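# Observations on chain architecture
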Amino acid sequence: GAAGGEGVAVKKKKKPKPPPRPKTDAEKFAALMEAEEWEKAAHFAATSPSQELRTRETVVAFQAAKATDGGKPPVLRYFGALLALKDGLTHEEGVALAKPMVAQGQLLLLQRWLGEGKLRPSEQLADVLCDAERGGPAAALPMYREGGVDEKATLCLVEMGDLEALREESRKEDPASKPDWLALLGRLCAARGARRARPLLDALYALPPPPTPPDDPTDALEVASYNIELAHAPPPMPPLEAIVGTLLDHGGLPLATELATNSLELGSGEISGGLQTRLLAAHLAEDRAAGEKLLDADTFPEADPQATAQTCEELGLYARAIRLHPSADEVGRLICESAVDVSTAVEAIGRIGPPQGLAAVGRLVDTDTPEAAAKAVAAAIALHGTLGHSELASLFRPKEAGDNRERALLDYLRARVAAAGDDAALTFEYLGACCAAGQVDELERVTRDRSIAYDAVQACTLLREAGGAAGKDPRPLINVCDRHNLFGELATALLARRQLRHLMLYVRSVNRAASAPVCAALLEAGCEAARVAEVVAPLHAPSAPAVLGSMIDAECQADVVASLLEPLDGTHLAQDDSLAASLIEAAAGRNKLPLLKPWLDARKAEGLPPGAPNSEAIEGAIKQIKKWW
């Protein structure tokens, strides 16, 4: 048997494959949703035999799905499939359907489905229906009553403004009790929001006036009739002040404002100043632009200005706060805030006037910041006529060099001088401030500007005595002395400062005609003749006789005089026929004609045109010198 089995392969039978596992309803539903087969998915989820897909998760899945073909939203397809069922929607499905329907204003359709039994009444469904702007409370009321939710049922009546039904509810507990309209309004606002209170308010406004008391309180019949009528009459409308306050307490600003402004327009006097202040503050906090419009229109005329100003300040509306504050001290405090611009600060200071305005400027100065200083300067410039120049200037006096006060004083005086350049006293004050601050370039500009008036002697004295940077730069002093011919003062001042080089440049490059008085002043001040000659050289021909006279009077050495006169050659003589005669007269009048001999000989050696005035004068002088010798 073994031998016979050799080489024979034994073939094993294959096991049959198990049948495929049937898909669950959830898997089938997921496949349809993934394929975006919305209609099939909706029908399958609604009618699946196991009913396992009728869950909140299915609703959420359809809500998240978006129709790519622009057709009906998948969630509406699903709800449509559910509504087609005989048993209608479950509680959760009904609430989920109601929310978008209410948002779309489809309350009547929901009520129809309720009547057809497609939706199941419940407190949660009533809550959704109650959100509908029109008819929501009326639709929810039966469900609240059926569910025994009395508090919400009462709120529905309040929101509907059904005052008679509310009176009936009140009488159920106590036949003599009457509803408290204001308390009910507060409950409604707290639960549903103040915006839902209009129907109630309309009903309250429509209430008849309370019965009129009897004219004769001793008439028993009239009193009894009045009491019966009063017992059956509804409670009167609460005071409007209380209604508006309640609405405001619950965020009902638009409605509260509407009622208040209507009352104010009628002049009924029912809205107090305190409530007007609250309304204005609420508007400013909610919408600043709208609040400011109300301020501009004086919508709430009895609002407390100080409290409103405080509100504006807290909200950063400083300009408004400044205009509203009745206290000048508060205005002075507020204008120091960095957020307040210059124009607002100036307008505020001008409004409160002196002396409070002056105190406000001082407060700005004491703040000691560049921003505050700029506001103080602008106010001083604009209001100096009202606040007083000297008082303002004293506020700006710096406590130490380089502080903000110093810059403010300079800015203020500069602007004043620019506007009133003919005020010499003001200019002198500004020059003094510039000297103290070392503002040399500004000193140079002002002293050079011929449209600006100042007392020359005062300015010269100020600049001569100035220390610091103003005492080192000669340009302002040169401007003053050159403009007002104070050449002697200039010479002695620069000599004292050891700035003769500047004086030399001035004489040579700016004003050659100043050489004579400069020479005289230097020599009188004891300056060496040779140094003086350096300052006035090369000699200005028209000034030469006067310079020569000063040199002779100071008994200068002959070689200094000769070197000074040497450049006055024949060219100068040809330009001035009297030059030689004037020089000879200056020397001869002082019995020093021989001092001119070197110059006279040099001119003769150059060749003199016969008959010319200078030629005759030179020949005569040479003969006279020879005669003396």
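This section reports on the structure supplied with the text.

## Thoughts on the overall build of the protein chain
A count of helices and strands for the protein chain gives 40 helices and zero strands. The C-alpha radius of gyration computed for the protein chain amounts to 54 Å, which surpasses the reference 25 Å derived for 629 residues by more than 25%, pointing to a less compact arrangement than a globule. Within the span of the protein chain, comprising 629 residues, buried residues form 43% of the whole. Long-range pairs, those at least 24 residues apart, make up 59% of the contacts in the protein chain between residues at least 6 apart in sequence. For the protein chain, the exposed surface amounts to about 33,100 Å²; the carbon and sulfur share of it is 53%. Taking the 68 positively charged and 89 negatively charged side chains of the protein chain as two groups, their mean positions are separated by 11 Å.

## Quick look at the environment of G274
When you line up the elements, G274 lands in helix α16 (residues 273-286). Relative accessible area serves as the criterion here: at 44%, G274 is assigned to the partly exposed category. Counting along the chain gives 88 residues from G274 to G362, while the straight-line C-alpha distance between them is 35 Å.

## Looking at unusual backbone geometry
Here the residue pair P354 and P355 is connected by a cis peptide bond, since its omega of -5 degrees sits within 30 degrees of zero. The amide bond that connects A537 to the next residue, P538, takes the cis arrangement and shows omega of -10 degrees. Structurally, the position occupied by P538 is in the loop between α34 (529-536) and α35 (544-553). Positioned with a positive phi, N485 is a non-glycine residue whose angle comes to about 60 degrees. Relative to the helices and strands, N485 resides in the loop between α30 (475-483) and α31 (487-496). Relative accessible area serves as the criterion here: at 55%, N485 is assigned to the exposed category. Of note in this structure, R498 is not a glycine but carries a positive phi near 60 degrees. Following the sequence through the fold, R498 ends up in the loop between α31 and α32 (500-510). According to the relative accessible area criterion, R498 is exposed, its value standing at 80%.

## Details of the packing of helix α5 (residues 91-103) against helix α7 (residues 123-130)
With their axes 9 Å apart at the nearest point, α5 and α7 run at an angle of 5 degrees to one another. As judged from the angle between their axes, α5 and α7 are roughly parallel. Contacts between α5 and α7 involve H91, G94, V95, A98, K99 and V102 from the first element and Q124, L125, V128 and L129 from the second. When the residues that make up the contact of α5 with α7 are grouped by side-chain class, the tally is six nonpolar, three polar and one charged.

## Observations concerning the layout of surface pockets
One number sums up the size of the largest pocket: a volume of about 330 Å³. If you go around the largest pocket, you meet 15 residues; those closest to its centre are T154, E169, S170, E173 and R187. Put simply, the parts of the chain that give the lining of the largest pocket at least two residues each are α9 (150-160), α10 (163-173) and α11 (181-192). Each pocket or cavity is described by its volume, and for the second largest pocket that value is around 200 Å³. Lining the second largest pocket, in full, are E133, R134, G135, P137, A138, E159, M160, R195, R196, R198 and P199.

## Things to note about empty space enclosed by the protein
In this approach a probe as big as a water molecule rolls over the atoms, and the regions it shows empty are the leftover space. Summed over all chains, the structure comprises one cavity of 30 Å³ or more. Put simply, the largest cavity is a space of about 30 Å³. In this structure, the largest cavity is lined by L364, V365, D368, T369, A373, A376, F396, N404, R405 and A408. Those elements that place two or more of their residues in the lining of the largest cavity are α22 (356-367), α23 (370-387) and α25 (404-419). Looking at the lining of the largest cavity, the element that brings in the most residues is α25, giving three residues. Within the lining of the largest cavity, the residues separate by chemical class into six nonpolar, two polar and two charged.

## A closer look at helix α33 (residues 515-524)
Most of α33 is tucked away: seven of the 10 residues are buried. Of the surrounding elements, those touching the buried residues of α33 are α31, α32, α34 and α35. G526 sits one or two residues past α33 and shows a positive phi near 95 degrees.

## Overview of α9
Each α-helix turn comprises 3.6 residues. Residues three or four places apart therefore point the same way. Taken residue by residue, α9 has A153, T154, L155, C156, L157, V158 and E159 as its buried positions. Buried residues in α9 make contact with α7, α8 (136-146), α10, α11 and α12 (198-205). Of the residues one or two after α9, G161 is the one with positive phi, at around 75 degrees.

## Regarding the pattern of salt bridges
Scanning all chains against the criterion turns up 35 salt bridges. Where E159 meets R192, a salt bridge forms, and the shortest distance between an N and an O atom there is 3.5 Å. With E159 in helix α9 and R192 in helix α11, the pair connects residues that are 33 residues apart, well separated along the chain. Several salt bridges converge on common partners, so that one network encompasses R407, D411, R414, E442 and R445.

## Remarks on the packing of α31 against α32
Contact geometry of α31 with α32 gives a least axis separation of 8 Å together with a crossing angle of 150 degrees. Two secondary-structure elements touch here, α31 through F487, L490, A491, L494 and L495 and α32 through L500, L503 and Y506. Class assignment of the residues belonging to the contact of α31 with α32 gives a composition of eight nonpolar, no polar and no charged.

## Observations concerning the environment of G245
Note that G245 resides in helix α14 (residues 240-249). G245 sits 175 residues away from A420 along the chain, and the two C-alpha atoms are 59 Å apart. Apart from residues lying up to four places away in sequence, G245 is in contact with L275 and R278.

## Comments concerning the nonpolar core
The biggest cluster of nonpolar side chains holds 193 residues, and the ones touching the most others in it are L247, F396, L503 and M551. Among the elements that make up this core, the one with the highest residue count is α23 (eight residues). If near-sequence neighbours (up to four positions away) are discounted, M551 is found in contact with C519, L523, A529, V532, A533, C556, V561 and L564.

## Details of the side chain of S170
With respect to the helices, strands and loops of the structure, S170 is situated in helix α10. Excluding anything up to four places from it in sequence, S170 contacts S177, K178 and P179.

Rules and cut-offs
- Residues numbered from 1 in each chain as written.
- Predicted model: local features only at pLDDT ≥ 70, side-chain atom pairs only at ≥ 80, totals over all residues.
- Heavy atoms only, no water.
- Helix = DSSP H or I, 4+ residues; strand = E, 2+ residues; numbered from the N terminus.
- Rg over C-alpha atoms; globule rule 2.2 N^0.38 Å.
- Buried < 20%, exposed > 50% of the residue type's maximum accessible area, 1.4 Å probe, protein only.
- Contact = heavy atoms within 4.5 Å.
- Areas by Shrake-Rupley, 256 points an atom, 1.4 Å probe, with all protein chains shown as cover.
- Lys, Arg positive; Asp, Glu negative; His and termini not counted.
- Charge placed at Lys NZ, Arg CZ, Asp CG, Glu CD.
- Axes fitted to C-alpha atoms, helices over the stretch in contact; angles between N-to-C directions.
- Parallel < 35°, antiparallel > 145°, perpendicular 65-115°, else oblique.
- Nonpolar A, V, L, I, M, F, W, Y, C, P; charged D, E, K, R; others polar.
- 1 Å grid on protein atoms, 1.4 Å probe; cavity = no way out; pocket = protein on both sides within 12 Å on 5 of 7 lines; lining within 4 Å.
- Points joined across faces, edges and corners; volume = space filled by probe spheres on them.
- Salt bridge = Lys/Arg side-chain N within 4 Å of Asp/Glu carboxyl O.
- Core = buried A, V, L, I, M, F, W, Y, C linked by side-chain atoms within 4.5 Å.

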